[in-house]
Amino acid sequence: MSMHKKYFIRKTRLALAACLLLGPVAFAPAARAAESAVVSGHEIVVTATRAERESFNVPSSVDVVDNKEMGRTPRGTIAEQLQDVPGIEVTDGGMGGGAKRVQIRGESPARVLILIDGMKISEQKSMEGSMIMIDPLNVERVEVIKGPASVLYGSEAIGGVVNIITKKGGDRPVQGAVAVTGDTSNDSISPYLSLYGAYEGFSYRAAGDYTDAGDKRGSSEPVENSGYRQRNASAYLDYAWTRGKAGFGYDHFWSRIHIPGADSGDAHVELDLPKWQRDRYYGFLELNQLSDRLPKIRLVAFVQETRKDFYNDITVNTRTPAGPGYMIMDVWQHPFTLNEQRSYGGTLQADWTVGDHYLITGADYLYDDLKATDDRLGRVKITQYIPPLFAPNVIADTSTRDLYNYEAYQQTLALFVQDEWTFHPDWTLTAGLRFTLLESSLHGNNNPALSTGTDRDSHPTASLGLVYAGLKDWRLRLNYAQGYRYPLLNQLYIGTTHGGSGTAYPNPKLKPETSQNFEAGARYSAGGLSADLSLYYNRARNYISMRPIPGTSDAIFSNVGRAETGGAELTLGYTLPVGLEPYLSGAYMRRVFD
């Protein structure tokens, strides 16, 4: 008879605030870049449907945090800027203040897709998903999709999508901004400088910043080894003409993150990230109004290089009886990992109009090439203490070193189509389909415990949404979406020695995670009052986690069963004539693991 264990998680969060419409704390000698467009009092979003639509009318659950709101409540990271959005939680995974990530509706950061200007931040050897590696002062707005968005965005979007849209040019030939942000909780000062403008069809922006943060203060004293340093730099140039735009850009992120130590039984774990760096080069071409039936074609291509150095020092001190005395075994493990990943990606999208239908067709391609080095140093020392003097007697002292190199890749090709059909003035139906082809391979390896190999997978995902606009100032919506997440190269082939006192072994037999999400919601906006209510239920299968190996401190990546999640999210807001915007937001979630 099989044994099932069910784990229940309930989370409730409520926030109440009154925000005064003040400018940002930062000093800006020239006007800021234009904020996100607003139509009939509703923001225009692009992430939810891959086309410009009012947030009020989209079938999925979407939240927008623009630079106006970020200026009213300055925070150190984009992740922290999202912490008041219902259904979102901010976590650092025990890695300190420099590694903030977001969870959406209980899904781990590894199941949340991070985009910058629609381009994926890919991490093939990460335990907890990608950080949001960009300065908030260089962000125009952040659009968040809550719930699976795999039809439009593929793997990792099983929990949701965070799309960071950066600032571009200005409205005059030369403009600039200077800002200094301080945080007394870690004694950090962050200077920021940008230069931007527009002239005769050209638009440009260059920006940079640097942060040096000390140890975070706890309830009584600083949390030892929790400081971090990071820098951002970016450059952007485009040229626009009557029916199109073309441009290119570059952005750079670097950080050094100190991680507080942790104790577990007889073991003490110290981790350090001396370098986490990302460099991305990209270009795009957009053509508009090519014909009455073809309003837009957009092509985006990018190259992204990521380097991550990771140290993990593990000390285990065990005392055991030995005759009339005792023995102490000291075990030191000092694994060092170097990960270098180069990603090549691109998207081609064509928008069509056919009668009452707005059709989006496209293809996504991503090739992740990973080179990883694991340098594992170890030492075991056994000391015997014998009465009556209990003088130490070293009876064993051995050292080991294993140096492993891995070369692996994962390439993805996906075709997608979405049809938005206004079949009645009050009804809009949105249906989408995506077909994904994947190939993963470990083709270079000197670890005798692992085997090279290639795996392939193909998978369809679908979505269906319905919006009703027949009630004045109301929008009612229903939405069904499937999620799909393929295992990472780390989980399939390489494994990890970081994050604990043992080794997490890979598993090439892992199955992809899948989910089905059902959602109903209502939006209201009139007379300064706005409200958004969402009710959702999600069923997921084949979650990838680490299953302990009995009798050891090790684990293996495994598909561990299924999860059911249900919850509700509510946002209420009111704009007062005097400029105050009091709002109330809350979320309740209940999750069962089986």
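Everything below is about the structure printed above this text.
As the structure is a prediction and not an experimental result, all values here were calculated from the model.

**Quick look at the pairing of strand β15 (residues 228–241)**
Bridge count for strand β14 (residues 202–213) against β15 is twelve bridges, and the pairing is antiparallel. Within the sheet, the bridge partner assigned to aspartate 209 lies in β15 and is asparagine 232. Looking at chain direction, β15 and strand β16 (residues 244–264) are connected through 14 bridges and run antiparallel. Residue pairing in the sheet places serine 234 in a bridge with aspartate 251 of β16.

**Some details on the sheet that holds strand β25 (residues 504–505)**
Strand pairs in the sheet, formed through backbone hydrogen bonds, run parallel or antiparallel to each other. Pairing within the open sheet is mixed, and its three strands lie in the order β25-β29-β28. Taken across any chain shown, the strands that pair with only one partner, and hence form the sheet edges, are β25 and β28 (544–548). Relative to strand β29 (residues 555–559), β28 is paired through five bridges, and the arrangement is antiparallel. When the bridges of β29 are listed, arginine 547 appears paired with isoleucine 556.

**Brief notes about the environment of serine 451**
Its place among the elements puts serine 451 in the loop between β22 (427–445) and β23 (453–468). In this structure serine 451 comes out as exposed when scored by relative accessible area, which is 59%. As for serine 451 and leucine 338, which are separated by 113 residues in sequence, their C-alpha atoms are 20 Å apart. Discounting chain neighbours no more than four positions away, the residues touching serine 451 are Leu442 and Asn445.

**Focus on the pattern of salt bridges**
This model, assessed by the stated rule, comprises 30 salt bridges. Here glutamate 420 makes a salt bridge to arginine 53, at a shortest N to O gap of 3.1 Å. Here the residue glutamate 420 occupies a position in strand β21 (residues 391–424), and arginine 53 occupies one in strand β4 (residues 53–54), the gap between them amounting to 367 residues. Using a relative accessible area of 16% as the deciding quantity, one classes glutamate 420 as buried. Of the charged contacts in the structure, one is a salt bridge between glutamate 569 and lysine 146, with a shortest N-O distance of 3.1 Å. In this pair, glutamate 569 sits in strand β30 (residues 562–574) while lysine 146 sits in strand β10 (residues 139–146), placing the two residues 423 residues apart along the sequence. Owing to a relative accessible area of 4%, lysine 146 belongs among the buried residues under this scheme. Overlapping salt bridges, with partners in common, bring together Asp63, Arg105, Lys146, Arg477, Glu519, Arg523, Asp532 and Glu569 in one network.

**Description of the sheet that holds β10**
Judged by pairing direction, the sheet is mixed, and its five strands sit side by side in the order β5-β10-β11-β8-β9 without closing on themselves. Unpaired on one side and paired on the other, β5 (61–66) and β9 (119–120) mark the two borders of the sheet. Taken together, the seven bridges between β10 and strand β11 (residues 160–166) define a ladder with antiparallel strand orientation. If you follow arginine 141 over to β11, its bridge partner there is isoleucine 165.

**Some remarks on the packing of aromatic side chains**
Tallied over the entire structure, the rule returns 15 aromatic pairs. Aromatic pair phenylalanine 423 and tryptophan 427: ring centres 6.5 Å apart, planes at 20°, arrangement stacked. A relative accessible area of 38% places phenylalanine 423 in the partly exposed class. Here the aromatic residues Trp421, Phe423, Trp427 and Tyr468 are joined through ring pairs into a cluster of three or more. Looking at arginine 53, its charged tip hangs above the ring of tyrosine 358, at a distance of 4.6 Å from the centre.

Rules used in this analysis
Residues numbered from 1 in each chain as written. Predicted model: local features only at pLDDT ≥ 70, side-chain atom pairs only at ≥ 80, totals over all residues. Heavy atoms only, no water. Pairing = 2+ DSSP bridges. Helix = DSSP H or I, 4+ residues; strand = E, 2+ residues; numbered from the N terminus. Buried < 20%, exposed > 50% of the residue type's maximum accessible area, 1.4 Å probe, protein only. Contact = heavy atoms within 4.5 Å. Salt bridge = Lys/Arg side-chain N within 4 Å of Asp/Glu carboxyl O. Phe/Tyr/Trp six-rings, centres within 6.5 Å; stacked < 30°, edge-to-face > 60°. Lys NZ or Arg CZ within 6 Å of the ring centre and 35° of its normal.

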